[in-house]
Amino acid sequence: PYVVCDKETFDDEVLLYFKEEDIRREGKRLIEEKIPVQIAKVDANQMLHFYGNLYTMGVNAIQVHVGEEQKMIQLTEFVRRKDPEESKNGKVWVENPELHLTMLYYMQDLRRQPNQEITPELKEEIGAHFTKGRYIVPLPEEGNGIPLVKLKSGDIFQPIFTDVIEFQRFNREKKFRPVVVDALKLAQVLPEEAKGIVLNPLGVNMPLTVQKVKKQPEAPVQKPVSVEAQIDAAIREVQAEAGRE
């Protein structure tokens, strides 16, 4: 969903409307401001899943519109979930809300202004969130190989996911199983033909070019991938994609 940051409270919000004419009017206004958006309907039986997905995106509030009235509601006021630490039951919990939210804002701005330069502050923020995370890599349920995706540029990237919800969107046909990999080990599982990784290809669809590092005989553990190099390459790739869109 389209995310906005409240100028007064700094809440990260999504926009929710109950009447179609209201959201069409707002959608038209945003498009006139050169903010590319689409209108999506969420059925009643999908609402709980939708709200739960906001947690994994780092969104903490909903801006509700009913006619001329508007109210901001905290997500925790009406949708609560168990503490992830209590829900693990021996399983690995994968979730990167800070990175996901930062990518959402960046990709929104980039699609609005494809030629803009990323600020050093944002580059540092993406790098900090990325390197401390762990991600889901899909592997086939049967056979060998790693699934790959081809971008419009023709370059091949390996899909990885910030959370299980994004993985499930990719795995609707149940062909893949999830494997959890720390950020600094992603270069070790990258196929030779892949230029890098693409985060949440059915969501933010953000590519990061990964510099492959060969193992040294005296050092069996690979050196960490340069985050600065990844982000610089990613910006060029994303700008090219946004220009083509």
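Cut-off values and rules
Residues numbered from 1 in each chain as written. Predicted model: local features only at pLDDT ≥ 70, side-chain atom pairs only at ≥ 80, totals over all residues. Heavy atoms only, no water. Pairing = 2+ DSSP bridges. Helix = DSSP H or I, 4+ residues; strand = E, 2+ residues; numbered from the N terminus. Axes fitted to C-alpha atoms, helices over the stretch in contact; angles between N-to-C directions. Phe/Tyr/Trp six-rings, centres within 6.5 Å; stacked < 30°, edge-to-face > 60°. Salt bridge = Lys/Arg side-chain N within 4 Å of Asp/Glu carboxyl O. 1 Å grid on protein atoms, 1.4 Å probe; cavity = no way out; pocket = protein on both sides within 12 Å on 5 of 7 lines; lining within 4 Å. Points joined across faces, edges and corners; volume = space filled by probe spheres on them. Nonpolar A, V, L, I, M, F, W, Y, C, P; charged D, E, K, R; others polar.

Draft legend 1. Region of interest: the sheet that holds strand β4 (residues 69-74). The strand order across the open sheet formed by four strands is β1-β2-β3-β4, and the pairing between neighbours is mixed. Sheet topology places β1 (3-5) and β4 at the edges, where each strand pairs with a single neighbour. Put simply, the sheet's adjacent strands are angled 35° from each other on average, direction ignored. Direction of pairing for strand β2 (residues 12-17) relative to strand β3 (residues 61-66): parallel, over a ladder of five bridges. Directly across from Glu-13, in β3, lies its bridge partner Ala-61.

Draft legend 2. Looking closely at the packing of aromatic side chains. Applying the stated rule across the entire model yields six aromatic pairs. Summarising the aromatic geometry, the rings of Phe-161 and Phe-170 are spaced 5.1 Å apart at their centres and angled 45° between planes, so their arrangement reads as tilted.

Draft legend 3. Seen up close, the pattern of salt bridges. Per the stated rule, a full pass over the model turns up eight salt bridges. With a closest N to O distance of 3.1 Å, Arg-25 and Asp-22 form a salt bridge. With Arg-25 and Asp-22 both in helix α1 (residues 20-32), this residue pair falls three residues apart, about one helical turn. Residues participating in the shared-partner salt-bridge network are Glu-26, Arg-29 and Glu-33.

Draft legend 4. Inspection of the layout of surface pockets at higher detail. For the largest pocket, the calculated volume is near 1800 Å³. In terms of lining residues, the largest pocket is bounded by 43 residues, among which Pro-1, Tyr-2, Gln-38, Ile-39 and Ala-40 are the most central. Elements represented by at least two residues in the lining of the largest pocket include exactly β2, α1, α2 (47-57), α4 (97-112) and α6 (164-170). The leading source of residues in the lining of the largest pocket is α1, at six residues. Of the residues that constitute the lining of the largest pocket, the class distribution is 23 nonpolar, 10 polar and 10 charged.

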